[in-house]
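Each chain, letter by letter, is given below.
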Amino acid sequence: MLPSHSQLSALLRHRRSIKPVDLDHSRDVDRSLLSQILEDATWAPSHGMTEPWKFHLFTAESRQQLAAQMQEAYRESTPPAEFREDKLRKMGENPLLAPVVIACVMERNGGTKIPEIEEIEAVACALQNLQLSATAAGLGCYWSSGLVLDAPGFRTWLGIRAEDRCVGLIYLGWPRPDLNWPRSVRKPVDTKMVWH
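Summary of the structure given here. (Residues numbered from 1 in each chain as written. Predicted model: local features only at pLDDT ≥ 70, side-chain atom pairs only at ≥ 80, totals over all residues. Heavy atoms only, no water.)

Taking a probe equal in size to a water molecule and rolling it over the atoms shows the remaining empty space. Estimated volume of the largest pocket: approximately 610 Å³. Lys87, Met91, Ser144, Ser145 and Gly146 are, among the 25 residues lining the largest pocket, the residues nearest its centre. Of all elements in the fold, only α3 (62–77), α4 (85–97), β3 (140–144) and β4 (165–173) reach the threshold of two or more residues within the lining of the largest pocket. With six residues, α4 is the single largest residue contributor to the lining of the largest pocket. For the lining of the largest pocket, the class distribution of residues is 13 nonpolar, six polar and six charged. Approximately 280 Å³ is the volume attributed to the second largest pocket. For the second largest pocket, the full set of lining residues is Leu12, Arg13, Arg15, Arg16, Gln128, Ser184, Val185 and Arg186. Within the lining of the second largest pocket, the residues separate by chemical class into two nonpolar, two polar and four charged. (1 Å grid on protein atoms, 1.4 Å probe; cavity = no way out; pocket = protein on both sides within 12 Å on 5 of 7 lines; lining within 4 Å. Points joined across faces, edges and corners; volume = space filled by probe spheres on them. Helix = DSSP H or I, 4+ residues; strand = E, 2+ residues; numbered from the N terminus. Nonpolar A, V, L, I, M, F, W, Y, C, P; charged D, E, K, R; others polar.)

Have a look at this one:
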């Protein structure tokens, strides 16, 4: 049975970015639930049915490897004048705060027929599906991006081809028991509409 429009609307408005520090890193996410969430992600639209998404899942000890690679990529790609020790430390800590970190890659499958931007947009739709599915299951998630994901060393370590791109990391887990679910507001929709 399909959810009602009001149920879907409530889910959309309930979704929030829950930072890694607000996740319960001691509580695992069941593999079958992860599979369901990623299956939901794959029902996003893509031009030509290219399905350009690829998910690299890091759990348990592999999160330490991810943290080390992110720190190395930050050292490699950051000019000395912009280098910040606090940012380097955070890159080493954040992957260990979430029980699951998903590196989300856009893999070009449409050749030159489909513009790169359309493949990136398809992956963004998949990540919205992922976040909504996680929210419906009671999980918290946070989409992080940054230049470090495009650093040559990080790309090589993840096995990303030259034409592909890591569009972000999704930190996923159960919210801490003491977390008050964040509230948010949006500007009135009529300020975003142009009728013709």
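Turning our eyes to something else, we now look at the sheet that holds β4. Spatially, the four strands line up as an open sheet ordered β1-β2-β4-β3, and their pairing is antiparallel. Sheet topology places β1 (53–59) and β3 at the edges, where each strand pairs with a single neighbour. Sheet twist, expressed as the mean angle between neighbouring strand axes with direction ignored, is 20 degrees. Strand direction decides the pairing type here: strand β2 (residues 100–106) and β4, joined by seven bridges, are antiparallel. Its bridge partner lying in β4, Met106 is registered against Arg165. Contacting β1, β2 and β4, helix α2 (residues 31–41) runs over the sheet at an angle of about 160 degrees to β1. (Pairing = 2+ DSSP bridges. Axes fitted to C-alpha atoms, helices over the stretch in contact; angles between N-to-C directions. Contact = heavy atoms within 4.5 Å.)

Turning our attention to the nonpolar core. The biggest cluster of nonpolar side chains holds 24 residues, and the ones touching the most others in it are Phe55, Ile102, Leu127, Leu130 and Leu172. Contributing elements (two or more residues each) for this core: α2, β1, β2, α5 (116–136) and β4. Top element by residues in this core is α5. It accounts for six residues. In contact with Leu172, other than residues within four places in its own chain, are Leu23, Leu34, Ala98, Pro99, Val100, Ile102, Ala134, Leu139, Gly140 and Cys141. (Core = buried A, V, L, I, M, F, W, Y, C linked by side-chain atoms within 4.5 Å. Buried < 20%, exposed > 50% of the residue type's maximum accessible area, 1.4 Å probe, protein only.)

End to end, α3 covers 22 Å across 16 residues, agreeing with the expected 22 Å (1.5 Å per residue, within 8%). Buried within α3 are the following residues: Ser62, Arg63, Leu66, Ala67, Met70, Gln71, Ala73 and Tyr74. Residues of α3 that are buried sit in contact with β1, α4, β2, α6 (152–158) and β4. (Expected span 1.5 Å × (residues − 1).)

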